[in-house]
Each structure stands twice: as structure tokens, then as C-alpha cells.
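The primary structure of each chain is shown beneath.
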Amino acid sequence: MSDHLSALPEHAPRGIWGAVMLAVDLNGNIDWSATQETVARLCASGVHGVYSNGTACEFHCQTEAEFDRLSEMVAAVAGAARIPFQIGISQSNPRVACERLKRVAGLGLSGVQFTLPDWWPPSDEEVLRFVSGLAEAAPSTPLVLYNPPHAKRLLTLESIAALGTAVPSLVGAKLPGGDASWYAGMRRELSGLSVFVPGHTLATGYANGAHGSYSNIACLSPKGALQWWAQIRAGEQAAFEMQARVQAFLADHVLPFRARYAVSDAALDKAMAAAGSWSSIRAQLLWPYSSVPDEDIPPLATAARVAFPGWF
């Protein structure tokens with residue numbers, strides 16, 4: 001194991017984590033049986049961990065009853081598979097996020113992911129009060145900050161480092177990454193935290209000190225994401241060549257859906273999962289959000305198998 005992975009605390013996440021996604025039926029409802037099968041297949045794929053209620057899991061559209069049912073399902077399936085799992089407690093309302101944390105803290109999870117409250121951009125004092133409050137609500141639960149590019153409050157690396165000092169149970173951060181100077185700052189400021197970067201930039205990220213990815217590439221193919229990770233860990237030049245192929249595939253075949261149909265990142269992730277065919281996931285999102293149409297999935301599937309023939 002490389003130095004910057006082994007230097008982390010034992011309970012900090014590492015490697016390729018796969019996103020739990022919701023199977024949505026033709027009537028727009030969650031298909032719980034198909035969702036459970038998808039979680040089981042993801043756990044069996046060999047990924048280093050699974051996580052529910054990230055963006056690809058449409059956390060922003062779930063009712064509290066759906067959140068509880070999904071959390072308990074993921075805990076049961078991942079627990080039986082003996083695979084680490086995290087649950088996202090993110091909610092625009094910070095009090096609801098804290099209540100979610102209290103409800104899942106006893107499920108045997110490896111950590112929770114959270115976003116900052118975002119109806120109004122929180123001040124430094126409010127951010128610290130919120131994250132400290134999460135730690136007090138579940139003192140033994142590791143916390144992972146999810147601070148995506150569209151967050152109303154984007155934290156600096158220095159601010160995240162200060163949070164980690166003030167709140168010792170903060171063990172990781174899911175961040176957008178950046179250029180060479182960003183990674184230099186990450187290594188300087190966040191040496192004690194596990195930093196996860198987007199899946200399609202992982203070769204660059206790992207070479208610069210990042211520790212893994214909550215991987216959008218695993219949405220397309222868990223097998224492919226793990227094959228690429230092995231190349232990355234081995235320091236092969238082929239890993240950077242694969243990154244160029246991955247980014248070209250996204251640019252040519254996936255990102256155009258955003259402009260064509262005005263869809264979200266969650267829609268792109270689910271379209272890739274549908275094209276990957278490793279589960280029964282369809283591209284459909286929960287109401288009221290737009291999805292990549294079903295007729296676009298077979299051409300995307302063909303393009304993926306041409307681009308990455310060993311992944312499927």
C-alpha cells in the first residue's frame with residue numbers, strides 16, 4: 001500500500017467507492033426490490049466501499065420515510081457483504097440533517113457524508129457550529145464533508161483544515177480537485193484527512209496525494225473503475241492514458257446530454273449506470289427532474305463498449 005494511503009487513520013476511506021442509485025419504476029416510484037438487487041450487485045463488484053444518498057442517489061428528492069428505508073436496506077446488504085458503507089445525511093435544512101444522523105448512527109456504518117446547509121450560505125461561525133453539532137450528535141461516527149462545486153458556500157482548503165482541527169471526527173472530504181497549485185495546497189493543509197476527488201480525474205488526483213474517489217466511473221462500470229484503480233496504484237503510464245480516454249468518452253458521449261436535455265449530474269450518472277448494464281437501474285430520475293431518455297441509452301452503451309472493451 002502506498003505511503004499516502006497507509007498514512008491515513010485506519011477508519012478513513014480509501015480507494016473506489018460505488019454510489020447506491022435508486023431504481024425508479026415506470027410510474028416514477030422507487031422500486032425497492034430492484035434497488036436492493038442493485039445494492040447487492042454493487043457490494044459484490046469488489047469496490048472498496050459503497051455509499052448511499054450522494055447526488056447520484058437523489059438524496060435531495062427523498063422523503064424521510066424513503067431515507068430511513070434506504071438507509072436500513074444499505075446497512076443490511078452491505079453489512080451482510082462485510083463491505084464498508086457510508087450514508088449521506090445531506091439536507092438543505094441542517095436540523096433535518098442532524099436528525100438523519102441520529103437515526104443512522106447505530107447502523108454499523110463506516111461514516112456519514114454531509115453537505116453544508118444551503119438555503120442561505122453559512123458563515124464560518126455557522127459552519128463550525130453545524131459540523132460540531134453533528135459530531136456531538138453522534139460522537140463515534142466518522143464524518144466526511146461533501147463540498148461540491150455548486151455549493152452556495154465553497155470552503156477553502158484552509159477552512160477545511162481548521163474544521164478538521166476543531167472536529168476530530170471529521171476524517172475526509174469529497175472535493176472537486178483542481179490544478180497543481182490546488183493539490184499542493186491540499187497536501188499542505190489536509191495531510192490528516194482522506195481526500196476524494198472525481199472519478200474521471202483520479203489518476204491525476206492520486207498522483208498528487210488524493211486517496212480515492214466516490215466514483216462516477218463506477219456508475220458506468222464498477223469493474224472498469226477497479227481495473228483503472230489497479231493501474232493507478234501501480235504507477236503505470238497507462239493509467240494516465242486511460243484517464244484521457246475516460247475524459248474523451250465523457251466529453252463526446254455523456255456531457256452533451258446536459259445541454260441537449262438540460263439535465264443534472266444525477267441524470268448523467270444514472271444514464272451511465274443504465275448503459276453499463278451491471279444492474280437493473282434505468283436512467284429515470286424521481287419527480288420532478290428530467291432524465292436522459294431511454295432511447296439514448298443503447299447508443300451510449302455501444303459507445304462505452306467500444307471505448308472500454310475490457311470493462312463489461
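The structure under discussion appears in the preceding block.
Residues numbered from 1 in each chain as written. Predicted model: local features only at pLDDT ≥ 70, side-chain atom pairs only at ≥ 80, totals over all residues. Heavy atoms only, no water.

So, the overall build of the protein
Which entries qualify depends on this criterion: Per the convention used, a helix needs a DSSP run of H or I reaching at least four residues, while a strand needs a run of E reaching at least two, with both numbered from the N terminus. This radius of gyration counts C-alpha atoms alone. The globule rule is 2.2 Å times how many residues there are, raised to the power 0.38. Throughout, exposure labels follow a simple rule: accessible area from a 1.4 Å probe, protein chains only, divided by the maximum for the residue type, with under 20% read as buried, over 50% as exposed, and the rest as partly exposed.
When its secondary structure is counted, the protein shows 14 helices and 8 strands. For the protein, the C-alpha radius of gyration of 18 Å lies close to 20 Å, the compact-globule estimate for 312 residues. Structurally, the protein occupies a C-alpha span of about 50 × 45 × 40 Å along its principal axes. In the protein, which comprises 312 residues, the proportion classed as buried is 54%.

A closer look at the environment of Leu193
As a reminder of what qualifies: Contact between two residues is taken to exist if any of their heavy atoms lie within 4.5 Å; hydrogens are not considered.
Within the fold, Leu193 resides in the loop between helix H7 (180-189) and strand S7 (194-196). According to the relative accessible area criterion, Leu193 is buried, its value standing at 7%. Spatially, the C-alpha atoms of Leu193 and His211 are 9.1 Å apart, while their sequence positions differ by 18 residues. Setting aside residues no more than four positions away along its own chain, Leu193 makes contact with Leu8, Ile160, Leu170, Val171, Gly172 and His211.

Here we look at helix H11 (residues 237-254)
Convention followed: Helix span is expected to be 1.5 Å times the residue number reduced by one. In this context, the arc is that of the directions from the helix axis out to the C-beta atoms.
Spanning 18 residues, H11 covers 25 Å between terminal C-alpha atoms, matching the ideal 26 Å at 1.5 Å per step. Turning to H11, its buried residues are Ala239, Met242, Gln243, Val246, Phe249, Leu250 and Val254. One side of H11 holds all its buried residues, which, seen down the axis, span an arc of 125 degrees. Relative to its buried face, H11 has exposed residues pointing more than 90 degrees away, namely Gln237 and Asp252. Taken together, the buried residues of H11 touch helix H8 (202-207), helix H9 (216-220), helix H10 (222-233), helix H12 (256-261), helix H13 (265-276) and helix H14 (297-307).

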